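# Close look at the chain arrangement
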Amino acid sequence: MTPRLVADLEPPYYTAVFTSIRPDAPEGYAETAARMNALAQEMPGFLGHESARTPGGIGITVAYFRDLESLDAWRLHGEHRAAKAYGREHWYDSFSVHIGKVERSYSFERA
């Protein structure tokens, strides 16, 4: 499967940038990440996400939302909250979240 970037979104929209440090393959992480991905895609206003992780354990996930209400609905979703609490307790050495409003956006893709 060829990786695809989230592109061609019409601003304004919002991002949640989640940066983390965690071990490479903690037990249960992949299953929970897949479940959170499926849940997020069902949320009204969710526009997509991109993720990357270094071999040293630094990860960055950027999630895109149409508006702050959509982003807050995701933040407050019960299953998402439970996964965040579990991750804080069992998976992550540290993490940070940054919320931003995108006012301009452009992309490039080689034909």
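Preceding block: the structure.
Residues numbered from 1 in each chain as written. Predicted model: local features only at pLDDT ≥ 70, side-chain atom pairs only at ≥ 80, totals over all residues. Heavy atoms only, no water.

## Observations regarding the overall build of the chain
For clarity, the cut-off: By definition, any uninterrupted DSSP run of H or I lasting at least four residues is a helix, any uninterrupted run of E lasting at least two residues is a strand, and each is numbered from the N terminus. We compute the radius of gyration over the C-alpha atoms and compare it with the globule rule, which gives 2.2 Å times the number of residues raised to the power 0.38. When accessible area is computed with a 1.4 Å probe and restricted to protein chains, residues below 20% of their type maximum are described as buried, those above 50% as exposed, and intermediate ones as partly exposed. Surface accessibility in these figures is a Shrake-Rupley result with a 1.4 Å probe; residues are shielded only by whichever protein chains are displayed. Only four residue types enter the tally: Lys and Arg on the positive side, Asp and Glu on the negative side; His and the chain ends are excluded. Where a charge lies is defined by one atom per residue type: Lys uses NZ, Arg uses CZ, Asp uses CG and Glu uses CD.
A count of helices and strands for the chain gives three helices and four strands. The C-alpha atoms of the chain give 14 Å as radius of gyration, which agrees with the globular expectation for 111 residues (13 Å, within 12%). With the C-alpha coordinates aligned to their principal axes, the bounding extent of the chain is approximately 35 × 35 × 25 Å. By residue count, 28% of the 111 residues in the chain fall in the buried class. Accessible area of the chain: about 7800 Å², with a carbon and sulfur share of 55%. Each charge class in the chain was averaged separately, 12 positive and 15 negative side chains, and the resulting centres sit 3 Å apart.

## Things to note about the pairing of strand E2 (residues 46–53)
Successive residues of a regular strand alternate their side chains across the two faces of the sheet. What counts, and what does not: Only strands that DSSP links by at least two bridges are regarded as paired with each other.
Bridge analysis of E2 against strand E3 (residues 58–65) gives seven bridges, and the strand direction is antiparallel. Note on E3: the bridge partner recorded for Ala52 is Ile60. A loop of four residues connects E2 with E3, the two strands running antiparallel in sequence, and Gly57 in this loop sits at a positive phi of about 105 degrees.

## Topic: the pattern of salt bridges
Note the threshold: One speaks of a salt bridge when a side-chain nitrogen belonging to Lys or Arg is within 4 Å of a carboxyl oxygen belonging to Asp or Glu.
Counted according to the given criterion, the structure contains three salt bridges. Close ionic contact of Glu109 with Arg4 constitutes a salt bridge, the shortest N to O distance being 3.1 Å. In this pair, Glu109 is assigned in the segment after strand E4 (94–102) and Arg4 in the segment before strand E1 (13–21), connecting sequence segments 105 residues apart. Of the two residues, Glu109 and Arg4, neither departs from the other in class, the shared state being exposed. Residue Asp72 is joined to Arg75 by a salt bridge in which the shortest nitrogen-to-oxygen separation is 3.3 Å.

## Thoughts on helix H2 (residues 68–76)
Rules: Along the arc lie the directions from the helix axis toward the C-beta atoms. Contacts were defined at the residue level, with two residues in contact if any of their heavy atoms lie within 4.5 Å.
Inspection of H2 places Ser70, Leu71 and Trp74 among the buried residues, and these make up the whole buried set. Seen from one end, H2 has its buried residues packed into an arc of 100 degrees, which puts them on one side. In this structure, the buried residues of H2 make contact with E1, helix H1 (29–42), E3, helix H3 (78–90) and E4.

## A word on the sheet that holds E3
Put simply, the rule reads: Only the stretch in contact is used when a helix axis is fitted, and all axes are lines through C-alpha atoms; the angle between N-to-C directions ranges over 0 to 180 degrees.
Here we have four strands laid out as an open sheet, ordered E2-E3-E1-E4, and antiparallel in their pairing. Whereas interior strands pair on both sides, the edge strands pair on one side only; in this sheet they are E2 and E4. For this sheet, the mean angle separating the axes of adjacent strands, direction not counted, is 15 degrees. Against the sheet, H2 engages E1, E3 and E4, with an angle of about 35 degrees to E1.

## Focus on the packing of aromatic side chains
Rules: Put simply, two rings from Phe, Tyr or Trp (the six-membered ring, in Trp's case) pair if the centres are within 6.5 Å, and we call them stacked under 30 degrees between planes, edge-to-face over 60, tilted for the rest.
Overall, the coordinates contain eight aromatic pairs when judged by the stated rule. A ring pair is formed by Phe18 and Tyr92, whose centres lie 5.4 Å apart and whose planes are at 80 degrees; its orientation type is edge-to-face. Here Phe18 is found in strand E1, whereas its partner Tyr92 is found in the loop between H3 and E4, with 74 residues between them in sequence. Given a relative accessible area of 22%, Phe18 falls into the partly exposed group.

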